[in-house]
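Given next are the chains, with one letter for each unit.
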Amino acid sequence: MKKEFKQLLSDKGRKKLPDVLLAAAECAPLSKTGGLADVVGTLPKSLKELGIDARVITPYHRCIKDKYSASVEHLFGFYVNLGWRTQYCGIERLVLEGVIIYLVDNEFYFGDKIYKGGYEEGEQYAFFTRAVLEALPKLDFAPEVVNCNDWHTAMLPMLAKTQYAEKYGSVRWLLTIHNIAFQGKFGFDYVQDLLSVDEKYYTSEFMELNGCASFLKAGCVFADRINTVSPTYAEEIKTAYFGEGLEGILSARTNELSGIINGIDVKSFNPYADTEIAANYHKGRLSGKKLCKLSLQEQMGLECREDVPLFAMVTRMTEQKGFELVQFMLDELMSYNDMQFIMLGTGDKEYEDFMRGAEARYKGRLCAYIGYNEALSHKVYSGADFLLMPSRFEPCGLSQMIAMRYGTLPIVRETGGLKDSVIPYNRYTGEGNGFSFADFNAHEMKDAILLALECYSKPETMQALIRNAMEADFSFKKSAEEYARLYICML
Ligand code: ADP
Ligand code: GLC
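The structure displayed is predicted, hence computed values, not measured ones. (Residues numbered from 1 in each chain as written. Chains lettered and ligands numbered in written order. Predicted model: local features only at pLDDT ≥ 70, side-chain atom pairs only at ≥ 80, totals over all residues. Heavy atoms only, no water.)

With respect to the sheet that holds strand β16 (residues 386-389)
Argument step 1. Read from one edge of the open sheet, 6 strands run β15-β14-β13-β16-β17-β18, paired in parallel fashion. Whereas interior strands pair on both sides, the edge strands pair on one side only; in this sheet they are β15 (366-370) and β18 (435-437). For this sheet, the mean inter-axis angle between neighbouring strands, taken without regard to orientation, is 15°.
Argument step 2. Bridging between β16 and strand β17 (residues 409-413) involves 4 bridges; their strand directions are parallel. If you follow Phe 386 over to β17, its bridge partner there is Leu 409.
Argument step 3. Contacts from helix α16 (residues 374-383) reach β13 (310-317), β14 (340-347), β15 and β16, with the element oriented near 145° to β13. (Pairing = 2+ DSSP bridges. Helix = DSSP H or I, 4+ residues; strand = E, 2+ residues; numbered from the N terminus. Axes fitted to C-alpha atoms, helices over the stretch in contact; angles between N-to-C directions. Contact = heavy atoms within 4.5 Å.)

Here's what the structure looks like:
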């Protein structure tokens, strides 16, 4: 164990690192719609390397059953009361790369989509919350810290402290906010009906926000500590622009709020060993990256040209990701510059249709793959020259880190984790590992793209930037150490 942890523990009169359970709606590689899954899949592995027994509890989604049922062990089953409903709950166990994952089984709630949307999603995750609270005392594991993630699990601290006080008296609750824009807001009647929350908590002091019950607000009020996924976002969410109505409670709890930047799974995302890509490469030998580009162009129906700069986006297509700027500027960029563009993403219909239209206008130069495709994402990260991420807000962002790992230079807006992970190119000192712009403004984005194009025409500058990007350390080790410190200080 690290000396520092020994010292921190002995200050608390303890020798052993705390046992930790992470509760989350998704966990890669089992289930994934975005970066939350990557973090929940990777963090426990890195915590284990530090000596912490970290386990995960997550729904047994259809997509997990389809792929992993043969490796899953049934532990026990029981019935959960969800208001007037009585629902079956199975607890299964899966061991993945040494990490124990408890899977909450119920075919009605988790037999289809990871997120059902609307009120049904409220019931889905109210069930998960109740199931976790009922299952925990029955497990062969007694965590001292439960690390909740986002609104789906944010009701755990409140319910544990108000409805299960005798059972959970000594457990400490950490709420990690990956995205404050999703809060799980429902009518009070609905929350009463599902989780029997006492009416006295339906006030702005506890969980009321804009006339609704906000699961995430309840988490911010009742968790022992709160953290988010980058230091910059931890500051931003204390302001009205980013805070989504929670800036007040977060400012009030500023001493219990911190920001820990995520890392990525550097084993899964490794250009030197990745089996999904056309050729492997490393920072000292980039010829493989050129082959990846040609193979990607061919696969996506673009002109196979090594000399043309290839821009890409790999993303959920939502307002968060800055699609308004792309909509505004894409035609101007494509008309005046010799460049190619690949979009890999799915999300809001408006943006999907816009990109399909653009593909028709720029055949052979622009390709819009509307859908979720993990294998293709590796090909895009390795084959592109630049990754565009002009987010309106970005709690952390993993795509820009993955891109850098593959020597693809990010072009980002300076917000949240993008600001904390990308060092903008400085034409005077040559410093940097990407490009950035400050304001949420299409012309500022265009200027950053034009600077990237200028660098592309100077091979030496490009080489240096690519090397800087590939040398950056985005492994989860540093983040895991910060989580470990936080868990210890919560004891
Ligand atoms: P967010 O969690 O907000 O969606 P992140 O940048 O943190 O954004 O994480 C996104 C993750 O999801 C990355 O691992 C990215 O590669 C992956 N991803 C996003 N969209 C797609 C897609 N259409 N196909 C494959 N992977 C995707
Ligand atoms: C959320 C955020 C993203 C972050 C991810 C993992 O989905 O939108 O910025 O990287 O969670 O923490």
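Structural notes on the site of ligand 2
Argument step 1. Every one of the 14 residues lining ligand 2 counts as a neighbour, but His 178, Asn 262, Glu 394, Cys 396 and Gly 397 are closest to it.
Argument step 2. At 2.8 Å from an oxygen atom of ligand 2 is found a side-chain nitrogen or oxygen belonging to Asn 262.
Argument step 3. For ligand 2, an oxygen atom lies 2.4 Å from a polar atom in the side chain of Glu 394.
Argument step 4. Computed on the free molecule, ligand 2 has an accessible area of 310 Å², of which 93% lies beneath the protein chains in the complex.
Argument step 5. Looking at the shell around ligand 2, the element that brings in the most residues is helix α2 (residues 35-49), giving 3 residues.
Argument step 6. Across the shell around ligand 2, the residue classes break down as 6 nonpolar, 6 polar and 2 charged.
Argument step 7. A domain split of the shell around ligand 2 shows at least three residues from each of domain 1 (3-263 + 476-490) and domain 2 (287-471). (Near = heavy atom within 4 Å. Polar contact = N/O pair within 3.5 Å; in protein donor to acceptor, adjacent residues only side chain to side chain. Areas by Shrake-Rupley, 256 points an atom, 1.4 Å probe, with all protein chains shown as cover. Nonpolar A, V, L, I, M, F, W, Y, C, P; charged D, E, K, R; others polar. Domains from an automatic or database assignment.)

Topic: the packing of aromatic side chains
Argument step 1. A complete count under the given rule lists 31 aromatic pairs for this structure.
Argument step 2. Centre to centre, the rings of Phe 386 and Phe 435 are 6.0 Å apart; their planes meet at 65°, and the pair counts as edge-to-face. Here Phe 435 lies in strand β18 and Phe 386 lies in strand β16, a separation of 49 residues in the sequence. One exposure class covers both Phe 386 and Phe 435, and it is buried.
Argument step 3. Taken together, the ring pairs in this structure connect Phe 108, Tyr 109, Phe 110, Tyr 115, Tyr 119, Tyr 125, Phe 127, Phe 128, Trp 151, Phe 186, Tyr 190 and Phe 215 into an aromatic cluster.
Argument step 4. The ring of Phe 108 is capped by Lys 116, whose NZ or CZ atom sits 4.9 Å from the centre of that ring.
Argument step 5. Over the ring of Phe 78 we find Lys 138, and its NZ or CZ is 4.4 Å from the ring centre. (Phe/Tyr/Trp six-rings, centres within 6.5 Å; stacked < 30°, edge-to-face > 60°. Buried < 20%, exposed > 50% of the residue type's maximum accessible area, 1.4 Å probe, protein only. Lys NZ or Arg CZ within 6 Å of the ring centre and 35° of its normal.)

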